Structures are given as C-alpha cells and as structure tokens.
Amino acid sequence: MKLFSSNFFPTLAVCAFTGCLLPLTASAQLAPPSPALEARAWLLLDVNSGQVLASQNADNRFEPASLTKLMTAYLAFSALKQKSLKPDQVVPVSTRAWKAEGSRMFIEPNKPVTVDELLRGMIIQSGNDASIALAEAIGGNEEVFAQMMNREAKRLGLANTNFTNATGLPNPQLYSTAQDLSQLVVALIRDFPEHYPLYSQKEYRYNNITQSNRNRLLWLDPAVDGVKTGYTENAGYCLITSARRGERRLISVVLGTASESARATESQKLLNWGFQFYDSVRMYTRNQPVTQLRVWKGASDMVKAGFTSDLYVALPKGQGDKIKATVESLQPLLAPVSPGQRVATLKLEIDGKLFRELPVVALEPVPVAGIFGRAWDTLRLLFK
C-alpha cells in the first residue's frame, strides 16, 4: 500500500470549471491488457477505490442462480441487526421449504432449526430449503420476501436486478448483472462485517449430513474469504469471489462458465491479474484538506475542501509516481456552503492522459455574510 507523502499535495493546481462526468473505471489507454476468460460475463472490482479494473458484458442481464442468496442473506442480516430475528430463534419449517428443489440442508418440519443454523445452511451448503425458511420467517411468505428483496435492491442502486424468489431457482423475471452483483457483495461486506466470515467456512454439518462449501478457491487460495457459487442449466456455473491481500480487497464476478472447475479457474485467473498488474494507492485521508477554495458572499472568504472518506485509486503498477492531480473549482462558489457539498472536481492524470475524476466536497460550513459583505462581493463579481 503506497501513501503519497505530504509534499505531493502542494503541487495541486486549482482552476474554475462548470461540470463534468465522474467515471469510476480505469482509463483503457493506461490499463494492462485484461485476461481472456471463458465466461459469458465477468467483472473485477477494486473495493478500496470502487474502480472496475476490467469487465466484459458487465451490464448484460443474466440469470443469477444461487447468487440470489446474497440478497436473501443481506435481508436476514438486516433483520438480525434490527432484532426482528435472533440467532437462536427457532423457525418453523413449512412444507414448501421442506420440499424445496435443488440443493438442500435437509431441514424437516418436525425438527427444530434456528436462524443461525439456517444461515449456515444457506451460505455454506447453498440450501434452497434454508433460504425459503428464512424468507418465510422474515416476510411471512416467499412472495412478500421477494418484494422486500427488490425494495432493497432499489435502495442499493442495483438498477438491472429483479428478484422473484429467495433461492435463485429459475424464473423468467429473475435477473441481475455482474455489475449489480459486485455492488451487492460490497454492501454485504461493508454493512455486515460481523456476519461475512460465514462465507469463508469450508463445510457445515446439519442433520448428520456434512456438506462442503462449493467455492473451491477457499481451498486453493488463502487470500480468498468468500463469497458464493451458483448454477442452473440456463445460468451455467457462476462464482463471485472476494480475496484480500494486505489491505487490498478485490471482488471478481464470473458468470456462465461451462463447469465447476472452469468457474474456479477463471475466477483465480482474474484475481491474480488484478493483484499482479494493479496497485492500490491511498492519496488522501478522510477529512484531510486537499485545497482551500474562494467563497463569495460568505462569512468566510475560503472553505477547506477534500473527501469525507479515505480516497484510494487503483493504478497500473509502476504508475504511482507519475500521477498528477488538479483541482477544478466550481466557481463562482456562493455562500451558504454546507459540509459535504460538492465544490470542485479532482482530476488525476498519468503522462498527460486523464485517468480518473472525483468530486471534492466542502469539509466545513460557510454561512452567508452580512448585508454589507454580500453587497461588496456582488460588486466584485461584476468586475471579475
């Protein structure tokens, strides 16, 4: 992990601008060639920076199969956090859950099962029966739970996703994308770090039956700590993987491969490429002033500006020392200014080529000046 030294920041140039787009993807001219994958769609995300390092068909809709259970888990974790569910709570097993098709943890109607056991059965064993039982415990029935899933998807900004059930069993209206699924995993890890370790468990025993986690990379790569496999005939073999090396975390989404071994091989190939060819660079720390900007008609003439969280960028290896940062201020910047208000854009260039653009926000409030201060600045702006 590289951290820019303090003598980097004074080189910032500041100029005025009127607005621009803020892409999160790395510049194609600067990036090393991405690997060729045998999959219908795929994506590699650098979590710290939020940058997509490489992708193919990432916005195309595909059947997510058991990757659907990521949202089922997200809602279950939310219910635990809100205390509407408890880990040791016994959940009744309906006939619908008991007779679920596909992969199962083998729950039974007359045998008590707890929320904690169902979570492990769903996450580690990919049990459809466990997923339905949890959905019924949270939503009353699976149909209402699917509506809850879609509301949560909308809240998380998953624009190309629609859920029809808690399991991922085939349905013409069940779909998602590699892009949306990557963001769902980011939200799950970010919002429920206390539950995420369940995805790294290699096996679980319930009802005297031991089943292994289908994510082969948990055995092959010590950096991998999750996340989920999926398969149906239409979806093919799918795998979302998260790996952490040092302070870096990458998430790979690989959809529609030909076999269990292929989804593991292609996912490993993508993760290795990302760790090998990219560095994660922390440019600024949370609430660190990047620059000070002129404010008009305010009680103060200047406002400190920066970022409300640590700013990371993912760069091709060896490019960190070549990066140049320029702040373009939104001018004229008029009071009042609120903390968190966008006031500028940070442009990053490497060898004169635009690499990334990011919004810069005010780190402090600037209230409106008195009547004479406002009048004076109005006159000054007329001649500016």
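Not measured: the values here are computed from a predicted model.

A. Region of the structure containing the packing of helix H3 (residues 115-123) against helix H4 (residues 128-139). It is the contact of H3 with H4, at a shortest axis distance of 8 Å, that shows an interaxial angle of 135 degrees. The angle between H3 and H4 falls in the class oblique. The element H3 and its partner H4 pack so that their crossing is left-handed. Between H3 and H4, the residues in contact are Val115, Leu118, Leu119, Gly121 and Met122 and Ala130, Ser131, Ala133 and Leu134, respectively. Here the contact of H3 with H4 is built from residues that sort into seven nonpolar, two polar and no charged.

B. Up close: the nonpolar core. Of all hydrophobic cores here, the largest spans 66 residues; its most connected members are Met71 and Phe77. Apart from the residues lying within four places of it in its own chain, the contact partners of Met71 are Met149, Glu152, Ala153, Leu156, Leu158, Phe163 and Leu184.

C. A look at the environment of Arg155. Tracing the sequence through the fold places Arg155 in helix H5 (residues 142-155). A distance of 3.1 Å separates the side chain of Arg155 from the side chain of Tyr74, its partner in a polar contact.

D. Summary view of the pairing of strand S3 (residues 41-46). With respect to burial, S3 is a largely interior element, six of its six residues being buried. Across the two faces of S3 the burial is the same, with Ala41, Leu43 and Leu45 and Trp42, Leu44 and Asp46 all buried. Sheet analysis places S3 next to strand S11 (residues 248-257), joined by six bridges and oriented antiparallel. Within S11, the position partnered with Trp42 by the bridge is Val254. Where S3 lies against strand S4 (residues 51-56), five bridges are found, and the strand directions are antiparallel. Counterpart to Trp42 in the pairing with S4 is Gln56. The turn joining S3 and S4, which pair antiparallel and follow one another in sequence, is formed by four residues; a positive phi near 75 degrees is taken by Gly50.

E. Spotlight on the pattern of salt bridges. This structure, assessed with the given rule, holds 15 salt bridges. Of the charged contacts in the structure, one is a salt bridge between Asp310 and Arg282, with a shortest N-O distance of 3.6 Å. Here Asp310 is found in the loop between strand S14 (302-306) and strand S15 (311-316), whereas its partner Arg282 is found in strand S12 (residues 278-284), with 28 residues between them in sequence. A relative accessible area of 23% means that Arg282 is categorised as partly exposed. Among the charged side chains, a salt-bridge network with shared partners connects Arg96, Glu142 and Glu143.

F. Summary view of H5. Between the first and last C-alpha of H5 there are 20 Å, a value that for 14 residues agrees with the 20 Å anticipated at 1.5 Å per step. Every buried residue of H5 is listed here: Glu142, Phe145, Ala146, Met148, Met149, Glu152 and Ala153. Burial along H5 is one-sided: seen end-on, the buried residues are contained in an arc of 160 degrees. What points out from H5, more than 90 degrees from its buried face, is the exposed set Arg151, Lys154 and Arg155. The inward-facing, buried residues of H5 contact helix H1 (69-81), helix H2 (95-98) and H4. Its side-chain oxygen placed 3.1 Å from the backbone nitrogen of Glu143, Asn141 serves as the N-cap of H5. One or two residues past the end of H5 sits Gly157, with phi positive at roughly 80 degrees.

G. Here's a closer look at the sheet that holds S3. Strand order in the open sheet formed by five strands is S4-S3-S11-S10-S9, with antiparallel pairing between adjacent strands. Sheet topology places S4 and strand S9 (224-232) at the edges, where each strand pairs with a single neighbour. Direction aside, neighbouring strands of the sheet carry axes that sit 10 degrees apart on average.

H. Quick look at the side chain of Asn213. Following the sequence through the fold, Asn213 ends up in the loop between strand S8 (209-212) and helix H7 (217-220). Polar side-chain contacts of Asn213 include one of 2.9 Å to the backbone nitrogen of Asn215. Apart from residues no more than four positions distant in its own chain, Asn213 is found in contact with Ile124, Tyr199, Gln201, Lys202, Glu203, Leu218 and Trp219.

I. Focus on the environment of Asp191. Residue position: Asp191 is located in helix H6 (residues 178-191). The spacing of Asp191 and Ser78 is 113 residues in sequence and 8.8 Å in space, taken between C-alpha atoms. Other than its neighbours up to four places away in sequence, Asp191 contacts Tyr74 and Lys81. Engagement of the side chain of Asp191 in a polar contact is seen with the side chain of Tyr74, the distance being 2.5 Å.

J. Examining unusual backbone geometry more closely. Following Gly226, the chain continues into Val227 via a peptide bond in cis, with omega recorded as 25 degrees. Mapped onto the elements of the fold, Val227 is located in strand S9. The backbone of Phe106 shows a phi angle near 70 degrees, a positive value even though the residue is not glycine. With respect to the helices and strands, the residue Phe106 is situated in the loop between H2 and strand S6 (113-114). The exposure class assigned to Phe106 is partly exposed, which follows from its relative accessible area of 30%. The phi angle at Asp351 is positive, at roughly 55 degrees, despite the residue not being glycine. Within the fold, Asp351 resides in the loop between strand S17 (342-350) and strand S18 (353-362). Its relative accessible area of 57% is what places Asp351 among the exposed residues.

Cut-offs used in this document
- Note on numbering: residues in each chain are counted from 1, in written sequence order.
- Two thresholds apply to this predicted model, a pLDDT of at least 70 for residue-level local features and 80 or more for giving and counting side-chain atom pairs, whereas whole-chain, interface and lining totals are computed over all residues.
- With hydrogens and water excluded, all non-hydrogen atoms of the structure serve as input to the side-chain values.
- In this description, a line fitted to the C-alpha atoms serves as the axis of each element, helices being fitted only across the stretch in contact, and the angle between N-to-C directions of two axes falls anywhere from 0 to 180 degrees.
- Elements are defined by DSSP. Helices are runs of H or I of four residues or more, strands are runs of E of two residues or more, and each kind is numbered from the N terminus.
- For classification, angles of less than 35 degrees are called roughly parallel, those exceeding 145 degrees roughly antiparallel, those between 65 and 115 degrees roughly perpendicular, and all remaining angles oblique.
- Helix crossings are classified by the rotation of the near helix relative to the far one: an anticlockwise turn of less than a right angle makes the crossing left-handed, while a clockwise turn makes it right-handed.
- It only takes one pair of heavy atoms within 4.5 Å for two residues to be counted as in contact.
- Basically, the charged four are Asp, Glu, Lys and Arg, the nonpolar ten are Ala, Val, Leu, Ile, Met, Phe, Trp, Tyr, Cys and Pro, and anything else, Gly included, counts as polar.
- Residues grouped as a nonpolar core are buried Ala, Val, Leu, Ile, Met, Phe, Trp, Tyr and Cys residues, joined through side-chain atoms within 4.5 Å.
- Throughout this description, buried means an accessible area under 20% of the type-specific maximum (1.4 Å probe, protein chains only), exposed means over 50%, and partly exposed covers the range between.
- For this analysis, a polar contact is any N or O atom pair within 3.5 Å, provided that within protein one partner can donate a hydrogen and the other can accept it, and provided that sequence-adjacent residues contribute only side-chain to side-chain pairs.
- Strands were regarded as paired on the criterion that DSSP finds at least two bridges between them.
- In what follows, salt bridge is the name for a side-chain nitrogen of Lys or Arg lying within 4 Å of a carboxyl oxygen of Asp or Glu.
- Here a helix's expected span is defined as the number of its residues, less one, multiplied by 1.5 Å.
- By definition, the arc is the one covered by directions from the helix axis to the C-beta atoms.

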